[in-house]
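The residues making up each chain are set out below.
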Amino acid sequence: MANRLLLSFRLGANLFGIDVLLVREVIHQFDQTPVEHAPEFVRGLINLRGQIVTLLDLGERICSQKREGAGYTHCIILKTAGEIAGKHDGGPGTWLPEETVGLVVDGIGDVVEAPLEGVTPPPANLRGVNEEYVEGVVALEGDLMMLVDPENALRLE
C-alpha cells in the first residue's frame, strides 16, 4: 500500500496539506515588500538568503479570507521546477514555476502520512473554500485534511 507524505498547515480553522516533495523549507518571521498592481493574493516579495521569493497568501486565494497588514509569520517555500526536474517521472511538481514561491499560511502542522487510496474527491459542500484549488480530501483522526492542488493554486491569472 503506497503512502503519501503531506505537510499539514492551517488556513483559518481549515486543515490543509501539500505534498512534502514540493516543499524546500518552512520559514518563520519574514519581512515582505508589497508589489504594486499584483493580484490581491500576491502578498509581496521577500529576500531569502539573496534569492527573491514571491509570497502568495493561500488564505485569500483558497478561502477568500480578506486579510490586512503584513503580520504573517508562517511561510512554506516551494521547490522550483528546476529543483525537481529529473527526480520524478511525471509526479508531483513537474509543473512548478521556475521562480521560487512562498505560501503564506496561518500555522504549520506536522508531516502526515496518508494512503494514496485514502484520498477522495472534495465534497460538494465545502464551506468557505474554493474547491477549484483542492485536489482531494483525506480523513484523519478527528479532522478532515484538504489537499491543495498547487498547479491551480499557483496560477497567477
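Before reading on, note that the structure itself is shown above.
### Side note on the pattern of salt bridges
Across all of its chains, the model carries six salt bridges by this definition. Between Arg 4 and Asp 19 there is a salt bridge, and its shortest N-O distance comes to 3.3 Å. One end of the pair, Arg 4, is in strand β1 (residues 3-11); the other, Asp 19, is in strand β2 (residues 14-19), with 15 residues separating them in the sequence. This pair shows no difference in class: Arg 4 is buried, exactly as Asp 19 is. Residues Asp 143 and Arg 10 are paired through a salt bridge, measuring 3.0 Å at the closest nitrogen-oxygen approach. In this pair, Asp 143 is assigned in strand β11 (residues 143-148) and Arg 10 in strand β1, connecting sequence segments 133 residues apart. Owing to a relative accessible area of 30%, Asp 143 belongs among the partly exposed residues under this scheme. Relative accessible area serves as the criterion here: at 31%, Arg 10 is assigned to the partly exposed category. When salt bridges that share partners are traced, they join Arg 4, Asp 19 and Glu 135 into one network.

### Thoughts on the pairing of strand β4 (residues 42-48)
If a strand is regular, its side chains alternate between the two faces of the sheet. Most of β4 is tucked away, with five of its seven residues classed as buried. The sheet contact formed by β4 and strand β5 (residues 51-57) spans six bridges and is antiparallel. Each residue of the ladder has a partner; that of Asn 47, found in β5, is Ile 52. The hairpin turn running from β4 into β5, its antiparallel successor, is two residues long, and Arg 49 in that turn takes a positive phi close to 50°.

Conventions adopted
- Residues numbered from 1 in each chain as written.
- Predicted model: local features only at pLDDT ≥ 70, side-chain atom pairs only at ≥ 80, totals over all residues.
- Heavy atoms only, no water.
- Salt bridge = Lys/Arg side-chain N within 4 Å of Asp/Glu carboxyl O.
- Helix = DSSP H or I, 4+ residues; strand = E, 2+ residues; numbered from the N terminus.
- Buried < 20%, exposed > 50% of the residue type's maximum accessible area, 1.4 Å probe, protein only.
- Pairing = 2+ DSSP bridges.

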